[in-house]
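Descriptive structure summary
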Amino acid sequence: MSGWNSIPELGALLGEEVRLRGWVDGRRSSGRIGFIQLRESGATVQLVISRKEVDEASWEALQHATQESTVAVTGTASADPRSPGGVEIHVSSLALVHGADGYPITPKEHGTAFLMDHRHLWLRSSRQRAVLRIRSEVCQAIHNFHRERGYYLVDSPILTPAACEGTSTLFETPYFDHGNAYLSQSGQLYLEPAAAALGKVYCFGPTFRAEKSKTRRHLMEFWMVEPEAAFLDFEDFVVYLAERVLEHCADPLRVLERDTSRLEAIRKPFPRLRYAEAIDLLRNQGSEIEFGDDFGAPEETSIAEAFERPVMVTHYPTSLKAFYMEPDPDDPTLALALDVIAPEGYGEIIGGSQRIHDHDLLLSRLKEHDLPIEAFQWYLDIRRYGTFEHSGFGMGVERFVAWMAGVPHLRETIPYPRTMDRIYP
Ligand code: 4AD
Ligand code: MG
């Protein structure tokens with residue numbers, strides 16, 4: 001049915017009669033006047049209902065308009081400098097569409113487990129709406145960034161016959177007469193052939209890791225954007241996304257009380273250090289980390305805090321990295337890998353590398369990693385027919401959104417988080 005207005009357009013309708021349908025975010029009344037916070041299109045507006053200005057049925061509807069009931073309202077949009085959107089509605093009539101009884105999430109404090117059990121309802125709260133709006137902006141900006149630079153979107157499959165990022169985090173599922181299939185850990189391997197076909201390409205979709213860790217930075221299912229091309233610019237990408245969030249998400253950032261000066265500080269150039277230098281830096285700070293150890297969350301936090309900007313760490317020992325990474329020609333024990341570590345404790349947001357383009361070297365790496373050679377024949381083909389130097393990276397959307405939004409736990413950055421101990425709702 002047409003003829004309904006939406007809250008974001010009210011600013012342009014001051015003094016006019018408007019019609020809205022939405023949910024009761026909150027309600028209070030004092031004698032002959034009532035107020036409803038109406039939620040619609042992800043925003044809220046205050047409805048003012050005065051007993052002497054509405055009919056008996058509207059006043060009755062107000063009495064039954066409990067939290068999260070749906071209502072339909074007609075009224076006049078008026079300027080109200082105290083409200084966030086600058087508008088309130090003086091109601092002429094109010095009707096109850098559906099009275100909600102006993103909505104479980106009340107304004108009192110709830111524990112995380114309770115909220116996660118009610119994730120489908122928790123999404124309606126102002127903080128969760130703010131995070132999801134930032135996520136939506138980030139996803140749109142990821143597409144815009146690549147399209148503006150001539151990249152083609154190429155979708156990688158989710159059901160795959162082989163591992164990309166190590167065999168310890170694979171989700172398996174039976175696949176008819178072909179034995180087991182695995183849920184994709186990364187679209188990268190499928191993107192490399194597409195780069196030979198189309199040039200600059202990227203994929204953007206869900207990826208899966210059976211990570212047996214319950215940290216705030218790990219999900220079993222997360223979204224990753226992966227560009228693949230001859231030259232890549234990590235810094236431009238991160239700066240572009242942060243600028244889009246600052247430009248288009250002022251309202252959600254305010255709801256989240258995000259210190260936006262930290263986001264404004266995301267400027268090029270990002271400091272760049274080799275893995276060996278990062279180890280020295282950590283040891284100078286008193287850490288007992290040894291060359292060859294992987295960074296955990298505390299190490300990543302210390303490295304990034306030393307610069308207060310995203311930091312690029314390069315030249316990791318090959319033993320810490322995936323089979324497909326090109327060795328450093330000056331020291332083949334190191335990989336031409338590049339990770340970006342975000343400040344404020346958000347950790348590794350980007351992992352990338354140059355790819356091995358030599359057929360025989362790639363074959364020997366597959367063997368060293370004990371990977372089934374038959375399952376990788378198609379991937380070796382890219383090194384048989386017109387091999388080329390290329391690089392790529394992957395950025396986890398949830399880690400990036402957590403950083404932008406200033407929320408410490410990834411579970412709030414994806415609509416329905418999949419963690420080790422949860423698959424409901
Ligand atoms: O460093 P990773 O494992 O790199 C790859 O998958 C490469 N194939 C990417 C490429 O070169 N095309 O993962 C990339 C990023 C990480 O930096 C992190 O942001 C995110 O994916 N990520 C996770 N996010 C949430 N939960 C997890 N379990 C994640 N594992 C990785
Ligand atoms: Mg990584």
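Keep in mind it's a predicted model, so treat the numbers as computed, not measured.

Before going further, it helps to spend a moment on the sheet that holds strand β1 (residues 17–30). Strand pairing in a sheet relies on backbone hydrogen bonds. The paired strands run either parallel or antiparallel. Strand order in the closed barrel formed by five strands is β1-β2-β3-β5-β4, and the pairing between neighbours is mixed. With strand direction ignored, the average angle separating the axes of adjacent strands in the sheet is 50°. Strands in contact with helix α1 (residues 56–64) are β1, β2 (33–40), β3 (43–50) and β5 (87–98); relative to β5, the strand with the most contacts, it is inclined by about 80°.

Counted according to the given criterion, the structure contains 16 aromatic pairs. On the numbers, 5.7 Å between centres and 50° between planes, the contact of Phe-237 with Phe-393 is tilted. Linking Phe-237 in helix α6 (residues 234–248) with Phe-393 in strand β17 (residues 391–396), this pair joins segments that are 156 residues apart in sequence. By relative accessible area, which is 1% here, Phe-237 ends up buried. Sitting over the ring of Phe-35, Arg-28 keeps its end group 4.4 Å from the ring centre.

Moving on to the site of ligand 1. Glu-165, Gln-188, Glu-226, Glu-348 and Ile-349 are the nearest of the 23 residues found near ligand 1. Within the contact set of ligand 1, an oxygen atom lies 3.4 Å away from a backbone nitrogen or oxygen of Gly-351. Burial of ligand 1 by the protein amounts to 94% of the accessible area it has alone, namely 630 Å². Here the shell around ligand 1 is composed, by residue class, of eight nonpolar, seven polar and eight charged.

Moving on, we get to unusual backbone geometry. In this chain, Lys-268 is followed by Pro-269 through a cis amide linkage whose omega measures -10°. Structurally, Pro-269 is set in the loop between α8 (260–264) and β12 (272–274). A cis amide bond, omega 0°, links Tyr-424 with the succeeding residue Pro-425. Mapped onto the elements, Pro-425 comes out in the segment after α13 (397–405).

Let us now look at the domain arrangement of the protein chain. The domain boundaries assigned to the protein chain delineate domain 1 (7–98) and domain 2 (120–412). Computed from C-alpha atoms alone, the centre-to-centre distance between domain 1 and domain 2 is 45 Å. Each partner contributes residues to the interface: domain 1 has seven residues there, and domain 2 has four residues. Carbon and sulfur atoms make up 40% of the surface buried where domain 1 meets domain 2, a total of about 420 Å² over both sides. For domain 1, the biggest contributors to the area lost against domain 2 are Arg-39, Gly-42 and Glu-68; these three give 66% of the whole. At the junction of domain 1 and domain 2, the tally comes to two salt bridges. Residue Arg-124 is joined to Glu-68 by a salt bridge in which the shortest nitrogen-to-oxygen separation is 2.8 Å. The tally of links from domain 1 across to domain 2 stands at two residue pairs in polar contact (both at pLDDT 80 or more). A breakdown of the residues in the side of domain 1 that touches domain 2 according to their chemical character gives two nonpolar, two polar and three charged.

The next subject is the sheet that holds strand β7 (residues 159–160). Reading across the sheet, the three strands line up as β7-β9-β8 and stay open at both edges, with antiparallel pairing between neighbours. Two strands in the sheet have a free side with no partner beyond their single neighbour: β7 and β8 (172–174). Strand direction decides the pairing type here: β8 and strand β9 (residues 180–183), joined by three bridges, are antiparallel. Paired with Thr-173 across the two strands is Ala-181, which belongs to β9.

Right, let's get into the environment of Asp-294. Counting through the fold element by element, Asp-294 comes out in the loop between α9 (275–284) and α10 (297–305). Take Asp-294: its relative accessible area is 48%, and that puts it in the partly exposed class. The contact partners of Asp-294, leaving out residues within four places of it in the chain, are Ile-289 and Leu-320.

Rules behind the numbers
- Residues numbered from 1 in each chain as written.
- Chains lettered and ligands numbered in written order.
- Predicted model: local features only at pLDDT ≥ 70, side-chain atom pairs only at ≥ 80, totals over all residues.
- Heavy atoms only, no water.
- Pairing = 2+ DSSP bridges.
- Helix = DSSP H or I, 4+ residues; strand = E, 2+ residues; numbered from the N terminus.
- Axes fitted to C-alpha atoms, helices over the stretch in contact; angles between N-to-C directions.
- Contact = heavy atoms within 4.5 Å.
- Phe/Tyr/Trp six-rings, centres within 6.5 Å; stacked < 30°, edge-to-face > 60°.
- Buried < 20%, exposed > 50% of the residue type's maximum accessible area, 1.4 Å probe, protein only.
- Lys NZ or Arg CZ within 6 Å of the ring centre and 35° of its normal.
- Near = heavy atom within 4 Å.
- Polar contact = N/O pair within 3.5 Å; in protein donor to acceptor, adjacent residues only side chain to side chain.
- Areas by Shrake-Rupley, 256 points an atom, 1.4 Å probe, with all protein chains shown as cover.
- Nonpolar A, V, L, I, M, F, W, Y, C, P; charged D, E, K, R; others polar.
- Domains from an automatic or database assignment.
- Buried area = accessible area lost by both parts, 1.4 Å probe.
- Salt bridge = Lys/Arg side-chain N within 4 Å of Asp/Glu carboxyl O.

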